[in-house]
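# A look at the structure
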Amino acid sequence: QVQLVESGGGLVQAGGSLRLSCAASGRTFSGYGMGWFRQAPGKEREFVAAINWSGGRSAYSDSVKGRFTISRDNAKNTVYLQMNSLKPEDTAVYYCAASQYPIAKVTETDYAYWGQGTQVTVSS
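Here we summarise the structure given alongside this text.

Mapped onto the elements, asparagine 84 comes out in the loop between strand S8 (78-83) and strand S9 (92-99). Judged by relative accessible area, asparagine 84 falls into the partly exposed class, the value being 29%. With 28 residues separating them in the primary sequence, asparagine 84 and glycine 56 have C-alpha atoms 21 Å apart. With residues near it in sequence (within four places) discarded, asparagine 84 still touches Gly16, Ser17, Arg67 and Phe68.

Now for the nonpolar core. Judged by nonpolar contacts, the single largest core of 28 residues is most densely connected at Met34, Trp36, Val79, Leu81 and Tyr94. Within the second largest apolar cluster, five residues are counted, among which are Phe37, Phe47, Ala50 and Ala97.

Moving on to unusual backbone geometry. With a phi close to 55°, asparagine 77 is a non-glycine residue in the positive phi region. In this fold, asparagine 77 is placed in the loop between strand S7 (68-73) and S8. Classification of asparagine 77 by relative accessible area gives partly exposed; the value is 23%. In this model, serine 85 sits at a positive phi of 50°, which is unusual for a non-glycine residue. Relative to the assigned elements, serine 85 resides in the loop between S8 and S9. With a relative accessible area of 42%, serine 85 lands in the partly exposed category.

Once that is clear, we can look at the packing of aromatic side chains. In total, this model carries four aromatic pairs according to the counting rule given. When the ring of phenylalanine 37 is compared with that of phenylalanine 47, the centres are 5.7 Å apart and the planes differ by 75°; the resulting orientation is edge-to-face. Of the two residues, phenylalanine 37 sits in strand S4 (residues 34-39) while phenylalanine 47 sits in strand S5 (residues 46-51), which places them 10 residues apart along the sequence. Neither residue differs from the other here; phenylalanine 37 and phenylalanine 47 are each classed as buried.

What counts and what doesn't
Residues numbered from 1 in each chain as written. Predicted model: local features only at pLDDT ≥ 70, side-chain atom pairs only at ≥ 80, totals over all residues. Heavy atoms only, no water. Helix = DSSP H or I, 4+ residues; strand = E, 2+ residues; numbered from the N terminus. Buried < 20%, exposed > 50% of the residue type's maximum accessible area, 1.4 Å probe, protein only. Contact = heavy atoms within 4.5 Å. Core = buried A, V, L, I, M, F, W, Y, C linked by side-chain atoms within 4.5 Å. Phe/Tyr/Trp six-rings, centres within 6.5 Å; stacked < 30°, edge-to-face > 60°.

Written as structure tokens, this is what we have:
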């Protein structure tokens, strides 16, 4: 059983930056893709970014491409989401997820393990 814990969320002004962290338990972390999803109030959860097992490949949604960067440190069992040039529409609960596959996945159903989320609020 893999457990994921997100941290780093908070309140930031538009144009600012935040870095989210996701700490994972278990020795299998390095063998699976990881992803970030987000859910705004009243909306469905949506894909944000994903990274493969080694960190050499990544994928992003069009809404965050060029502003967000996903990375991982397998020695620390941690995945990160660097969020720059934040916009009010980025406000959401951000969830970390671990995939069943070694490649970067963009579909929610490809992820077997989920964290409980961290709130990101961007003011205008």
